[in-house]
Amino acid sequence: MAKLQGGDEEQALLSAAGQRERPDWKQQQPSLPRFRRWFLCGRCCGCCPWYFLIIPVLGVLGYLFGLAGVAVLAVLAIVLSILLCCPFCTFLAYESVWDLWPWYWKCDAYTKLLYLTYQMGLVSWKTPTVDSLGMPADKIRPKAKLDKYDLFFALHSRVPRGYEDEYLPDSKNSLFHAIERNFAKLPMTDNFETFRDDEDPVDYVMGQVSNIFPVIYQDWQDKRSDEALTRFCLYGLGAHRIETATEGGSRYFVVRTNVLSGLPVREGFARYGGDAYFDQNWRVKKIVDAGLGPATDDGTEDLTTRRPGEPGWDEAKFRFRSSVLTLVTLVDHLYLTHLQSANVVVTAIREQLSSDHPMRRLLMPFTYSTIRVNDNAAHNLVEPRSLGPRVFAFTDRGFQMAFEAAPSLLMGGHEVGAADGGPLLNRERYTTYLKTKRGIDTEFNRQCAKYWAVVREFIEDYMACYYPTHADAVQDEELMAMVRQVGFQYSFAEPVKKLIRDAAAVVTGTEQSYNTVVDVICDFIFNVTAMHEQAGAIDPYAQDASFCSGKWVHGKLVGTYQTASAQALLMSFAALPMPKLLGADWSHLFPDPSCSPKAAEPVSPHCFDSIFQMSGKKVPKGPLKALTDFQAALQRLSEEAEAYNKAAKSRSFPECFPLYVLDPRHMETSAAV
């Protein structure tokens, strides 16, 4: 056979593959000169197509059907008006009287409806447990892909729908939840009426929400002095965001919020901002505020510096405290603990670990109700006209910009550069870095490191019961798939994501991969327990709109009535009781240890003895002993924290304050509120 050449060979190959060669269509030039086309003439004979003759008939029929439709809609509107207008007008009259004595609710219908629905759930809520009654093993759902959806403001974040949660009633077809999820469609109006100087904002909000407000375990008698500002940053809401800076040869501790100053806010409200500088003795020296001047979009900043005793100093402190509340709530609480750490890890656990997997069983209490609460947050906080925008002053664009910037605003080890061994997921290593490299050695960091060490020892002791060697752990396909998904779905800075992905691929060696996997798990537990308490237990701050306010009018030292009610309602969501970490016993979920990583076939407890004796390693404690030791260590931490707080007044400034949030007796097992 003669050899095919050029296009013949190509055509033969296409024919052999059952394909037909497509022709090269010739290009065409546009019609010149230009003309108007009304689609009334055919392309061949120039006359209109025959079906154009029925256009008038179709027009008349459409008109008649339209009249009939309008008549039907009018009748339906009259019927609905008769049925619904009276109840609707009654409700409007009812919610309007809330604005009168003795309640003075100066807020919109959305806030009032959310209050009514929430109190109904709170009063009937029973405190859940993680024992065999509250968390039965036979109710664990199988591994499966979850039904998820995109969030409005938080780019690249997806949350599972609430009905995917375990151990909670299926609300997929609930009329109540359907109505609640549409509350944000109600209009949002800003009321700028502000408290008088002699008016108590705490008494105002507690007259409204005292029946649903959480119990406050943090005692703040002094809120506005310069010493109180030191406590606020060193022992309070800013304790995890301390940096250092050197200016003019002087070294300062700094807590920054000027990163919020460029975000647009709604007309009538002040912009956020303020970086507070403290000397090496933690005496406040100045607040540099980028949010007081006019907003710019050319990269310049109009900075205002105020010092103790100068005019405007009290306003500078109020603006700074309120900006810290806003930054911590949006970035550290909502974004880090809920939408990233809790949401991403829980989703990966549910989608990658089988229901009998030992790590799935271990992490069950730390995932409790996470899907439900994040689904609620998506509708009630991270959506236009929901409670989040009603508490804070950002425009919709400002909210989106805040979430876009959130990964770069995270601290806790994410900000550590490669030259210093970063990024760091290990809180002990991060505490050492802060002390040795940054000169930051605080009681908050010391207690964080102690708690982290207790958690990590528990995780390693438990894992040793199911993985005889570290290599066995990193060879567990389901476990590494979970870690790989976490690294892929996190919206953190790329170095953090790469660190986790490399561990899942075991490209950094067995030991480093194992340690990173353990750190990922410990980081998740730390964030949903300790960090969730630090960033979420803001009840003493949010209760008093003159202490901290989500939004305020320029020049004022207190938030508006509307803001006070909204942020008190937001804080009331934390009153929903959840399982406490200290004393929790979920050992009924632990599989019997076996020689395989997944504990699929229970064997003799002596199995591990022989394995570890041959390898010369320590015999594992057993999962129940690991949990018992974990609880004993938590109890010791709690006693140490209580003793530290009782001795606060005996210590000299600046160590003369209590630190509440890292006491394990205040921590819950999950980010469930």
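Scroll up a little and you will see the structure.
Residues numbered from 1 in each chain as written. Predicted model: local features only at pLDDT ≥ 70, side-chain atom pairs only at ≥ 80, totals over all residues. Heavy atoms only, no water.

**Student:** Please explain the overall build of the chain as it appears in this structure.
**Tutor:** For the chain, the helix and strand inventory stands at 21 helices and seven strands. Classification of the 673 residues of the chain by burial places 52% in the buried group. Contacts spanning at least 24 positions in sequence make up 73% of the contacts within the chain whose residues lie at least 6 apart. Surface summary for the chain: the accessible area is close to 32200 Å², and the carbon and sulfur share equals 57%. (Helix = DSSP H or I, 4+ residues; strand = E, 2+ residues; numbered from the N terminus. Buried < 20%, exposed > 50% of the residue type's maximum accessible area, 1.4 Å probe, protein only. Contact = heavy atoms within 4.5 Å. Areas by Shrake-Rupley, 256 points an atom, 1.4 Å probe, with all protein chains shown as cover.)

**Student:** Even after reading the chapter, I still don't get the pattern of salt bridges, so can you show me in this structure?
**Tutor:** Pairs can form between side chains of opposite charge whenever their charged atoms are close. All told, the structure shown has 37 salt bridges when counted by the stated rule. Two residues, Lys112 and Glu95, come together in a salt bridge whose shortest N-O distance is 2.7 Å. With Lys112 in helix α3 (residues 109-124) and Glu95 in helix α2 (residues 55-96), this pair connects stretches of sequence that are 17 residues apart. The residues Lys112 and Glu95 share a single accessibility class, namely buried. Put simply, Glu193 and Lys106 hold a salt bridge, and the shortest N to O gap is 3.9 Å. Here Glu193, found in the loop between α4 (175-180) and α5 (201-209), pairs with Lys106, found in the loop between α2 and α3; they are 87 residues apart in sequence, far enough to count as distant. (Salt bridge = Lys/Arg side-chain N within 4 Å of Asp/Glu carboxyl O.)

**Student:** Whenever I open this one, the sheet that holds strand β7 (residues 304-306) confuses me. Can you help?
**Tutor:** Pairing between the strands of a sheet comes from backbone hydrogen bonds, and it takes one of two forms, parallel or antiparallel. Strand order across the open sheet formed by five strands is β3-β4-β5-β6-β7, with antiparallel pairing between neighbours. The open sheet terminates on both sides in strands that have one partner only, identified here as β3 (242-247) and β7. Neighbour-to-neighbour, the strand axes of this sheet turn through a mean angle of 30 degrees, independent of strand direction. For β3 and strand β4 (residues 250-256), the ladder comprises six bridges, and the chain directions are antiparallel. (Pairing = 2+ DSSP bridges. Axes fitted to C-alpha atoms, helices over the stretch in contact; angles between N-to-C directions.)

**Student:** So what exactly am I meant to see when it comes to helix α6 (residues 226-234) here?
**Tutor:** Residues that lie three or four places apart on an α-helix share one face, since the helix turns once every 3.6 residues. Counted residue by residue, α6 has seven buried out of nine residues, so it is predominantly covered. Considered for burial, the residues of α6 that qualify are Ala228, Leu229, Thr230, Arg231, Phe232, Cys233 and Leu234.

**Student:** So what exactly am I meant to see when it comes to the pairing of strand β6 (residues 284-289) here?
**Tutor:** As a general feature of sheets, a regular strand has side chains that alternate between the two faces. With five of its six residues buried, β6 lies for the most part within the structure. Here four bridges tie strand β5 (residues 275-278) to β6, and the two strands are oriented antiparallel to one another. Of the residues in β6, the one forming a bridge with Phe278 is Val284. Hairpin connection, β5 to β6: the antiparallel pair is bridged by five residues, and Trp282 has positive phi, about 65 degrees.

**Student:** Is there a simple way to explain the nonpolar core in this structure?
**Tutor:** In summary, soluble globular proteins display a tendency toward joint burial of nonpolar side chains. Residues Phe232, Leu387, Tyr451, Ile459 and Trp586 are the most contacted members of the largest nonpolar core, which totals 177 residues. Tallying contributions element by element places helix α7 (residues 313-352) first for this core, with 20 residues. Sequence-distant contacts of Phe232, defined by excluding residues within four places in its chain, comprise Trp220, Leu237, Gly238, Ala239, Phe320, Arg321, Val324, Tyr541, Phe547 and Cys548. Core analysis: the next-biggest nonpolar cluster, separate from the first, contains five residues, Ala245, Tyr252, Tyr277 and Val288 among them. (Core = buried A, V, L, I, M, F, W, Y, C linked by side-chain atoms within 4.5 Å.)

**Student:** Would you explain empty space enclosed by the protein in this entry?
**Tutor:** To locate leftover empty space, one rolls a probe as large as a water molecule over the atoms. Taken as a whole and assessed by the stated rule, the structure comprises seven cavities of 30 Å³ or more. Considering the residues around the largest cavity, the lining is formed by His240, Asp332, Leu336, Leu410, Met411, Gly412, His414, Arg427, Asp523, Asn527 and Met531. Only α7 and α17 (510-536) provide two or more residues apiece to the lining of the largest cavity. A total of three residues in the lining of the largest cavity trace back to one element, the largest contributor, which is α17. Estimates place the volume of the second largest cavity at around 90 Å³. Considering the residues around the second largest cavity, the lining is formed by Asp165, Glu166, Tyr167, Val346, Ile349, Arg350, Arg360, Met364, Thr367, Tyr368, Ser369 and Ile371. (1 Å grid on protein atoms, 1.4 Å probe; cavity = no way out; pocket = protein on both sides within 12 Å on 5 of 7 lines; lining within 4 Å. Points joined across faces, edges and corners; volume = space filled by probe spheres on them.)

**Student:** Help me understand the packing of helix α8 (residues 358-367) against helix α13 (residues 443-464) in this model?
**Tutor:** Describing two packed helices takes the angle between their axes plus the distance from one axis to the other. One can describe the packing of α8 onto α13 by two numbers: an axis separation of 10 Å at closest approach and a directional angle of 150 degrees. As far as their axial angle goes, α13 and α8 are roughly antiparallel. When the axes of α8 and α13 are compared, the crossing they make is right-handed. Of α13, the residues touching α8 (which contributes Pro358, Met359, Arg361 and Leu362) are Phe458, Ile459, Tyr462 and Met463. (Parallel < 35°, antiparallel > 145°, perpendicular 65-115°, else oblique. Left-handed = near helix turned anticlockwise from the far one by under 90°.)

**Student:** So what exactly am I meant to see when it comes to the packing of aromatic side chains here?
**Tutor:** The geometry of an aromatic ring pair is captured by two quantities: the separation of the ring centres and the angle between the planes. Applying the stated criterion across every chain yields a total of 39 aromatic pairs. Ring centres of Tyr272 and Trp552 lie 5.5 Å apart, and the angle between their planes is 85 degrees; on these two criteria the pair is classed as edge-to-face. On the criterion of sequence distance, the pair formed by Tyr272 in the loop between β4 and β5 and Trp552 in the loop between α18 (539-542) and α19 (561-572) is long-range, its members being 280 residues apart. Comparing Tyr272 with Trp552 shows no difference in burial state: the two are buried. Residues Phe394 and Phe399 carry aromatic rings whose centres are separated by 5.5 Å and whose planes lie at 75 degrees to one another, so their mutual orientation is edge-to-face. Linked through ring pairs, Phe152, Phe153, Tyr272, Phe318, Phe394, Phe399 and Trp552 together constitute an aromatic cluster. Positioned above the aromatic ring of Phe653, the side-chain terminus of Arg283 is 3.7 Å from the ring centre. The ring of Tyr644 has Arg651 lying over it, and the distance from NZ or CZ to the ring centre is 3.6 Å. (Phe/Tyr/Trp six-rings, centres within 6.5 Å; stacked < 30°, edge-to-face > 60°. Lys NZ or Arg CZ within 6 Å of the ring centre and 35° of its normal.)

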